[in-house]
Amino acid sequence: MKMKKTVSIVGAGNVGEHVASLLLLRNIANVKMFDIPRQVDEKVFEPVKGKALDMKQMLSAMDIDAKVEGYTVTPKGEGYEPLEGSDIVIITAGFPRRPGMSREDLLEANIKIISVIAERIKKFAPDAIVVVVTNPVDVMTYVTYKLLGVPKNRVVGMAGVLDSARFKTFISEELMVSPKDIHAYVIGGHGDEMVPLISISNVGGIPLKDLLPKDRLEKIVERTRFGGGEIVNLMGTSAYYAPAAAIVDMIEAFVQNSKRILPCSVYLDGEAGDYYGVQGFCVGVPVKLGSNGVEEVIKVPMIEEEREMWKRSVESVKKTVEVAEAILSERSSRE
Ligand code: APR
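Colleague: It is not clear to me how the site of the ligand should be interpreted in this structure. Could you clarify?
Modeller: Looking at the ligand, there are 18 residues lining it, with N14, V15, D35, T92 and N135 nearest. Between D35 and the ligand, the recorded distance is 2.6 Å, taken from a side-chain N or O atom to an oxygen atom. Bound to the protein, the ligand loses 85% of the 730 Å² it would expose on its own. Tallied by class, residues from the shell around the ligand come to 8 nonpolar, 8 polar and 2 charged.

Colleague: Whenever I open this one, the domain arrangement of the chain confuses me. Can you help?
Modeller: Where the parts come together, the accessible area they lose is often given as the size of the interface. In terms of domain boundaries, the chain breaks down into domain 1 (6-157) and domain 2 (160-319). Here domain 1 and domain 2 have C-alpha centroids that lie 24 Å from each other. Each partner contributes to the interface: domain 1 provides 28 residues, whereas domain 2 provides 33 residues. Three residues, I28, D138 and N153, lead the burial of domain 1 against domain 2; their summed loss comes to 22% of the area buried on that side. Remark: the boundary between domain 1 and domain 2 carries 2 salt bridges. D269 is the salt-bridge partner of K152, the closest N and O atoms lying 2.6 Å from each other. Here domain 1 is connected to domain 2 by 7 residue pairs in polar contact (both at pLDDT 80 or more). Sorting the residues of the side of domain 1 that touches domain 2 by element identifies α1 (14-25), β6 (88-91), β7 (129-132), α4 (137-148) and β8 (155-157) as the ones contributing at least two each. Sort the elements by how many residues they give to the side of domain 1 that touches domain 2 and α4 lands first, with 7 residues. Class assignment for the residues of the side of domain 1 that touches domain 2 results in 17 nonpolar, 7 polar and 4 charged.

Colleague: Explain the environment of L23 to me, please; I cannot follow it from the model alone.
Modeller: Among the secondary structure elements, L23 is positioned in helix α1. By relative accessible area, L23 is classed as buried at 0%. On a C-alpha basis, the gap between L23 and S332 in space is 37 Å, while along the polypeptide they are 309 residues apart. Ignoring any residue separated from it by four or fewer positions in sequence, one finds L23 in contact with V7, I28, A29, V31, V248 and I251.

Colleague: Explanation requested: α1 in the structure shown.
Modeller: One turn of the α-helix equals 3.6 residues, which is why residues spaced by three or four share an orientation. Taking 1.5 Å as the rise per residue, α1 with 12 residues should run 16 Å; its terminal C-alpha atoms sit 17 Å apart, in good agreement. For α1, the secondary structure elements touched by its buried residues are β1 (6-10), β2 (30-35), α2 (47-61), β5 (68-72), β6 and α9 (241-255). N27 occupies a position one or two residues after α1 and carries a positive phi of about 55°.

Colleague: What should I look at first to understand the layout of surface pockets in this one?
Modeller: If a probe the size of a water molecule is rolled over the atoms, the empty space left behind becomes visible. Roughly 480 Å³ of volume is contained in the second largest pocket. If you trace the second largest pocket, you find 22 residues lining it, with V161, K168, D249, R260 and L262 closest to the centre. Contributing elements (two or more residues each) for the lining of the second largest pocket: α5 (160-175), β9 (182-183), α9 and β14 (260-268). In terms of residue count, the dominant contributor to the lining of the second largest pocket is α9 (6 residues). Split by residue class, the lining of the second largest pocket holds 14 nonpolar, 2 polar and 6 charged.

Colleague: Explain the pattern of salt bridges here, please?
Modeller: Once their charged atoms are close, side chains differing in charge can pair, the charge on each being opposite to the other. In this structure the tally under the stated criterion is 15 salt bridges. The residue E295 makes a salt bridge to K259 at a minimum N-O spacing of 2.7 Å. Of this pair, E295 sits in strand β16 (residues 293-297) while K259 sits in the loop between α9 and β14, and the two are 36 residues apart along the sequence.

Colleague: I tried to follow the sheet that holds β9 on my own but got confused; where do I start?
Modeller: An order of β9-β12-β13 is seen for the 3 strands of this open sheet, with the pairing classed as antiparallel. Each edge of the open sheet is held by one strand with a lone partner, namely β9 and β13 (206-207). Sheet analysis places strand β12 (residues 202-203) next to β13, joined by 2 bridges and oriented antiparallel. Across the sheet, the residue bridging to N202 is P207, located in β13.

Colleague: How should I be thinking about the packing of α4 against helix α11 (residues 304-334) in this particular structure?
Modeller: Each pair of packed helices gets described by two things: the angle between the helix axes and the distance between those axes. The geometry of α4 relative to α11 is characterised by a closest axis approach of 9 Å and an angle of 40° between their N-to-C directions. Accordingly, the angle class assigned to the pair α4 and α11 is oblique. For the pair α4 and α11, the sense of crossing is right-handed. Facing D138, V139, Y142, V143 and L147 of α4, the residues of α11 in contact are V317, T320, V321, A324, E325 and L328. Taken together, the residues of the contact of α4 with α11 break down into 8 nonpolar, 1 polar and 2 charged.

Colleague: Sorry, what's going on with the environment of F34 here?
Modeller: By secondary structure assignment, the location of F34 is in strand β2. Relative accessible area serves as the criterion here: at 0%, F34 is assigned to the buried category. With 152 residues separating them along the chain, F34 and V186 place their C-alpha atoms 31 Å apart. Each residue touching F34, except ones within four places of it in the same chain, is listed here: S8, I9, V10, G11, A12, V48, Y71, V73, G79, Y80, P82 and L83.

Criteria and cut-off values
- Residues numbered from 1 in each chain as written.
- Predicted model: local features only at pLDDT ≥ 70, side-chain atom pairs only at ≥ 80, totals over all residues.
- Heavy atoms only, no water.
- Near = heavy atom within 4 Å.
- Polar contact = N/O pair within 3.5 Å; in protein donor to acceptor, adjacent residues only side chain to side chain.
- Areas by Shrake-Rupley, 256 points an atom, 1.4 Å probe, with all protein chains shown as cover.
- Nonpolar A, V, L, I, M, F, W, Y, C, P; charged D, E, K, R; others polar.
- Domains from an automatic or database assignment.
- Contact = heavy atoms within 4.5 Å.
- Buried area = accessible area lost by both parts, 1.4 Å probe.
- Salt bridge = Lys/Arg side-chain N within 4 Å of Asp/Glu carboxyl O.
- Helix = DSSP H or I, 4+ residues; strand = E, 2+ residues; numbered from the N terminus.
- Buried < 20%, exposed > 50% of the residue type's maximum accessible area, 1.4 Å probe, protein only.
- Expected span 1.5 Å × (residues − 1).
- 1 Å grid on protein atoms, 1.4 Å probe; cavity = no way out; pocket = protein on both sides within 12 Å on 5 of 7 lines; lining within 4 Å.
- Points joined across faces, edges and corners; volume = space filled by probe spheres on them.
- Pairing = 2+ DSSP bridges.
- Axes fitted to C-alpha atoms, helices over the stretch in contact; angles between N-to-C directions.
- Parallel < 35°, antiparallel > 145°, perpendicular 65-115°, else oblique.
- Left-handed = near helix turned anticlockwise from the far one by under 90°.

Now the structure itself:
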């Protein structure tokens, strides 16, 4: 009998808990969730344990045979022993940007969190595939890869699947067609300079640029670029349904060894790095996902205009990677 895989989720906040619930409801894997305690006045709560218990009862109510557990950990890294046996670890722990916080402050705070988590993954689940979600995702994927020191096929950031899903949603509404029949990729850094690949996007095989006038297409691209911000403005917090679904899409490809081609943030070097003009950091490109993690980097064709956009996107990721490098080396010189 095929053993069900175990997926651990570090950071059971909005995104993490929705990933857990989707994985369980679709019976894709058993789940372990890890999060820190929450103190309200004098009382210390352990929400992650409560969420796991609630999910167990949800599974009973729905007659689903899957396992879920919640573990309280400390920011210092205590309590991570149950990571042992994880086939996949998803990192959704982190701070959102708070008022008065610069991007650099956020970067530093999230690097601190990721450093502890990466060290624990190294100790308790050294062979796991690691999916990074914490923002800024391309940089955090790079930091995790560096700290783990594992082969590059085993560390992957989630962004492109979400950006592409947003792109497809808007195309689908505009053309009144099912998103299932839309092939559209968004690559590059996960930010305002992401690169929607219009030249190869198609609906039922017909090129997108033949189906929509330029101005309509531009509006859709613009809405995709700021798709995250649109939701923050409506909800007062960042999105979690679509991000969770995008993560699950990737997890399913690993678990089922389905060789899906999905845009993900991966470490680029060598020949693929030459093709993309990126050597030694992580950016979103289409890759083949299977049981070995990232099994191939796809060299997608780009027209001149897209290449220029790509270069700008890469440049902006590179700048943040340099800031992260400085934070990392300052941290290691302090130790
Ligand atoms: N160790 C473990 N968990 C932590 C730690 C830590 N040191 N610090 C924070 N967390 C947990 C929080 O307690 C919280 O439950 O991480 C979780 C983050 O959840 P949310 O604040 O709800 O954020 P969410 O919307 O889920 O986004 C998670 O994904 O898209 C990115 O930018 C987003 O970096 C963010 C991440």
